[in-house]
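# Close look at the chain arrangement
Letter by letter, the chains look like this.
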Amino acid sequence: MEPLMAVAIGLLYATAIFMMLRRSIVKLVIGLMLLSNAANLLIFTTAGMTRGAPPLIPEGMMLPPSGVADPLPQAVVLTAIVIAFGVLAFAVVLIRRAYEVVKADDLDKMKDTDT
Amino acid sequence: MVKSGTIILNTAARFLMPLQLMFSIFLLLRGHDEPGGGFIAGLVAAGAFTLYLFAFGVSATKEVLRMVDPRDLIGVGLLLGMISVVPAWFMGQPFLTAQWWTIPVIDFKASTPLIFDVGVYFAVLGSVTGMVMTLMEVDKDEP
Amino acid sequence: MIQFAVLMGFVLAALSPMLNHWFGQRASLVLALFPAGLAAWLALQAPEVIENGSLLLEWQWVPSLGISLTFLLDSLSLLFGLLITVMGACVLVYAGGYLKDHPDLARFHIALLAFMVSMLGLVLADGLLTLFVFWELTSITSYLLIGFNHADINARKSARQGLFVTVAGGLALMAGLVLLGIASGSWSLAEILDQEADLREHALYTPMLICLLLGAFTKSAQFPFHFWLPNAMAAPTPVSAYLHSATMVKAGIYLLARLHPELGGTAMWVGVLSVVGATTMLVGAFLAIHHTNIKKLLAYSTIMALGTLTMLLGIGTEYAMTAFVTFLLAHSLYKGALFMVAGILDHETGTKDVTQMGGLRSVMPLTATIALVAALSLAGVPPLLGFIGKELMLESVLGADSFRTLLVLFAFLASILTIAVAFIVALRPFYGKRHQTPLEPHEAPPGMLLGPALLALGSLLLGLMPAVLGADALLTATATAISGQTVEVALSLWYGINVALIMSIVSLGLGFLLFRRWDSVRGKLSVLAPVMRHGPEAGYESMMNGIVHFSEWQTRLLQNGYMRNYILVMLATLIALIGNSILLRHSPVFAVDLDVRFHEVVVAGTMVMGALFATISRSRLGAVVSVGIMGFSIALIFVLFSAPDLAITQLLVETLTVILLVLVLFRLPRFSNLSTSLERIRDGVVAAMVGILICLLIMTSWSIQQFEPISTYMIENSAPLAYGRNIVNVILVDYRALDTLGEMFVLALAAIGVIAMLKLRNNTKTTDSSKVAAKEPYDG
């Protein structure tokens, strides 16, 4: 599955970067969302993908069945998802405020600090 | 932008919110053993409030929350997170070392990781609800 | 606990505004008790230090971490310590009169006390790094003192120049000290000086010496770094008297003297120090007679003296060591006094130009006497201490092993010029015809006379009786400490009729002649002015301008304000670095495992389609829905690949994201196509390259496993130790709880940021916006 996911994540990155390079700030937000999802998947995939063996220990046991999925990247990605949401919220509200002040959605028109 | 007040949404929200909140507490408490935990439970609870916000608007939701401002919940969450750091210190262990106590009668495992998880729950709940509520408040002010 | 007493100085500096408040103008006198007390303590240690060689005073600061503040008190640091504290007390008393009624007297006290403590720390420090820290502190406090009159652009410029030159040198010094620490294997001066191993043979000797010399030469204003010192005369005169004649500029000399027993005596040491020192000596003396500003005259003659000291350290013979300590002490005494006299003249007459003064002897007889005594010591006239110093200096130059002819010639010329300077400073303002000066002069107040009088008296007393108060014992012990071998040259006014004495007498005559013809000589020297403009200072100026131009250029180029340029630069770097290491270090042969189920391909395909459609969609709603589809597909992937917690989180967040976007994104304008098609092609190429890079990265990292995963431990101990069966949650709240705590704070900050941005706007809208709009049309 990993080669397939590698190609898929590469595509996600490509779309994210393409959107982030656009001049319209709304597209920048979309790019940001794509990027954070792609990054989460990247971390998740590089640790290896395991089918049907969640890192849970059955009741009454001390060890999980052998070959469970690696729990560490899952923990890392879990917080990353929530934080990405917080950052996204911050970004969109910031952009909304910037738009109200500058009255332009073109990043090239926002390049000076005094506008 | 967001119109509140369709009958189905109102009815659903009225019944769903208590259920969702209870479910979120269930997820929180079992999180150490089964899928769940502070982040997920906090998001579920925030989802409950968001649904209510969409159904009844900001002022009604504030009434439900009574005296509690979502921003206070953020503070409570961070405070609980910080408090869970301390007990290990009194035991002469490094900060954040987990401490476990068993409450005898109901056979409930109390621990600093649980306090910490409750902190996560409140921080996530407060942050998300606070953001959505403020956004809707501003939204209401504008045509 | 001398450390404690010294560090208390910083506390005292911080409290000095309060003292100013309580004692008013007398605060200077009260503060002077601090250095006076320290001087008394140091003087009491002298007999023991002279007898035992050195004292190590250790103060365990943080014993558990092995951090201590250790002071090394030997005769060298004792001599410097005494100079710093005695001069400090004199200068504080003097400053009380000089800066009387100055509104910023308190600020002056803070900076001066802080400097005094830093300087004491510098000469007493045993640890190399402690020494460096105090060294930098003297640079910073000196910067504050030179720029004391911060409203004056010239003072600011001079302060900055002094700071840049000495701090640049400080950087070299740090490298030198680190090399010294590595080469000797110890960070304690006492241990380095005690050890048997010869650092002169060490492979790091040459780079170490170059770095240390750069530090010492910049601090002690050696040619070609001398130019900052005359400019530092923009400081109030008490500062010039203290920092720029007696103490700070001697820090470099102190360092060289300190390290001489371990590093000195090599061909490189002798060559560099003698030649640079002699050149500095001559250049300083020569440049001095160009100037009519009394402070500049004294500053250049200080450069001369610093050059002499460096040269003597370079010569390194027994005579040179004795000459070094005698000259050092004599110079501090007379130069401090002369600077204070210069300050009195400036204060009383309102001018610093010696040609504007004359005949002041009748109105300020005490000042004139002090000036005469000090200047005669500078000129090297018996029976003053300066004479002994000069006699010994000429003697050592005549006995130098290398460059003898050059050194003798330079020393002779420099002493003629110095004698002329001494006469210009001491005779010109006080004798001859009375000139009209901007202020009506009268005798200085007693507070201002006390300091210079004490110092001049010291010159006289030590010259007549070098043995008074055991001074010669201390000087001999110091010379021994610097040399590393026992030095037994007695100080005396009379060494018999020898070459040095004859040179002295001849130079006195020629110097006096030069003084009489000074005005015409100065006129002739002005021909050289165009050449002078190309001195080292011009080099400094053009370098500073160059830095400014370079910064402007690179700011224009790199920080151009175009968001996508920043992103493109970052991505290009990423592609170049990671791509390079993937392709070169790892063979691009991947283990291809095509164990794929049909439903997985469908989910992954849906995900990619969602992302692609978000890119090409022309409407905001379309893009948001596509991103949503991608997000839910990712949740499905988490479900399929054993991550239930992630799947739930992703689903919930995805829902909330859609709500968020509905609330915000549709307040924003519609999508617009702003780029040209050429830009789109460029961006597409960059995006494709990043995509390929990431793809390769995943393949590479998947086929290589360098370390055992740390999660093995977490899986094994989750139930037994952490009592949790959901390992992901155990990691979050137990194993890596500190990370999670940090993430809680990030989320909370983002939320507070969002709330603040929205709420603050509301406030301005209801209260202030009408006012703002009325004041200026706010068009953004």
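Residues numbered from 1 in each chain as written. Chains lettered and ligands numbered in written order. Predicted model: local features only at pLDDT ≥ 70, side-chain atom pairs only at ≥ 80, totals over all residues. Heavy atoms only, no water.

- Identification of chain B as Na(+)/H(+) antiporter subunit B from Vreelandella titanicae is taken from an unreviewed UniProt entry.
- One UniProt comment on chain B, placed under Sequence similarities (unreviewed entry), says "Belongs to the CPA3 antiporters (TC 2.A.63) subunit B family." (UniProt positions renumbered as here; feature names shortened; annotations may be inferred.)

### Brief notes about the interface of chain C and chain A
- Contacts between the two partners involve 100 residues from chain C, matched on the other side by 85 residues from chain A.
- Here chain C and chain A share an interface that buries about 8700 Å² over both sides, 77% of which is from carbon and sulfur atoms.
- Counting the surface chain C buries against chain A, the share from its top three residues, Phe 641, Arg 725 and Met 757 of chain C, is 8%.
- Viewed at the interface, chain A and chain C are joined by 3 salt bridges. (Contact = heavy atoms within 4.5 Å. Buried area = accessible area lost by both parts, 1.4 Å probe. Salt bridge = Lys/Arg side-chain N within 4 Å of Asp/Glu carboxyl O.)

### As for the packing of helix H11 (residues 251–263) of chain C against helix H19 (residues 471–483) of chain C
Residue and element names in this part refer to chain C.
- Where H11 contacts H19, the axes come no closer than 6 Å and their chain directions differ by 55°. Considering their axes alone, H11 and H19 lie oblique with respect to each other. Judged by residue contacts, Ala 257, His 260 and Pro 261 of H11 engage Ala 481, Ile 482 and Ser 483 from H19.
- Looking at the contact of H11 with H19 residue by residue, the class counts come to 4 nonpolar, 2 polar and no charged. (Axes fitted to C-alpha atoms, helices over the stretch in contact; angles between N-to-C directions. Helix = DSSP H or I, 4+ residues; strand = E, 2+ residues; numbered from the N terminus. Parallel < 35°, antiparallel > 145°, perpendicular 65-115°, else oblique. Nonpolar A, V, L, I, M, F, W, Y, C, P; charged D, E, K, R; others polar.)

### Regarding the interface of chain B and chain A
- With 12 residues of chain B in contact, the opposing surface of chain A contributes 10 residues.
- Carbon and sulfur atoms supply 77% of the area that chain B and chain A bury against each other, a total of about 820 Å² over both sides.
- Inspection of the region where chain B meets chain A yields 0 salt bridges.
- For the pair chain B and chain A, the interface holds 0 residue pairs in polar contact (both at pLDDT 80 or more).
- Broken down by secondary-structure element, the contributors of at least two residues to the side of chain B that touches chain A are helix H2 (38–65) and helix H5 (112–141) of chain B.
- In terms of residue count, H5 of chain B provides more of the side of chain B that touches chain A than any other element does, 6 residues in total.
- Taken together, the residues of the side of chain B that touches chain A break down into 8 nonpolar, no polar and 4 charged. (Polar contact = N/O pair within 3.5 Å; in protein donor to acceptor, adjacent residues only side chain to side chain.)

### Some thoughts on the nonpolar core
- Grouped together as the largest cluster of nonpolar side chains are 199 residues, with contacts concentrated most on Trp 228, Tyr 242, Leu 313 and Phe 324 of chain C.
- Of all the elements, helix H14 (residues 318–349) of chain C adds the most residues to this core, at 19 residues.
- Every residue in contact with Phe 324 of chain C, bar those within four places of it in the chain, is listed here: Ile 253, Ala 257, Leu 309, Leu 312, Leu 313 and Ile 482 of chain C.
- Within the second largest apolar cluster, 135 residues are counted, among which are Phe 44, Leu 78 and Leu 107 of chain A together with Ala 41 of chain B. (Core = buried A, V, L, I, M, F, W, Y, C linked by side-chain atoms within 4.5 Å. Buried < 20%, exposed > 50% of the residue type's maximum accessible area, 1.4 Å probe, protein only.)

### Some remarks on the pattern of salt bridges
- Applying the stated criterion across every chain, the model contains 19 salt bridges over all chains.
- Across the pair Asp 69 of chain B and Arg 71 of chain B runs a salt bridge, and its minimum N-O distance is 3.2 Å.
- With a relative accessible area of 26%, Asp 69 of chain B lands in the partly exposed category.
- Overall, Arg 71 of chain B belongs to the partly exposed group, its relative accessible area being 41%.
- Two residues, Asp 104 of chain C and Arg 107 of chain C, come together in a salt bridge whose shortest N-O distance is 3.0 Å.

### Some words on the confidence of the model for chain C
Residue and element names in this part refer to chain C.
- Looking at chain C as a whole, the pLDDT averages 86, with 95% of positions reaching at least 70.
- Across chain C, the secondary-structure element scoring lowest on mean pLDDT is helix H31 (residues 737–775), at 73, and the one scoring highest is helix H8 (residues 205–219), at 93.
- Segment residues 765–780: pLDDT under 50, and 6 contacts once partners within four positions in sequence are set aside and those in other chains are kept.
- This complex was scored by the predictor with a pTM of 0.69 and an ipTM of 0.94. (pLDDT = per-residue confidence, 0-100.)

### Here's the deal with unusual backbone geometry
All names here are of chain C.
- A cis amide bond links Phe 223 with the next residue in sequence, Pro 224, at an omega value of 0°.
- Note that the residue after Pro 382, namely Pro 383, is joined by a cis bond; omega there is 10°.
- Inspection of the secondary structure assignment puts Pro 383 in the loop between helix H15 (365–379) and helix H16 (385–398).
- Residue Asp 101 is not a glycine yet carries a positive backbone phi of 65°.
- Looking at the element boundaries, Asp 101 is found in the loop between helix H3 (75–98) and helix H4 (105–124).
- Although it is not a glycine, Ala 221 sits at a positive phi angle of roughly 50°.

### A word on H16 of chain C
All names here are of chain C.
- Compared with an ideal rise of 1.5 Å per residue, which puts 14 residues at 20 Å, H16 spans 20 Å between its outermost C-alpha atoms and is within 8% of the ideal.
- Of all 14 residues in H16, 12 are buried; the element is thus mostly enclosed.
- For H16, the set of buried residues is Leu 385, Gly 386, Phe 387, Ile 388, Gly 389, Lys 390, Glu 391, Leu 392, Met 393, Leu 394, Ser 396 and Val 397.
- Packed against the buried residues of H16 are helix H13 (294–315), H14, H15, helix H17 (404–426), helix H18 (446–464) and helix H20 (499–516). (Expected span 1.5 Å × (residues − 1).)

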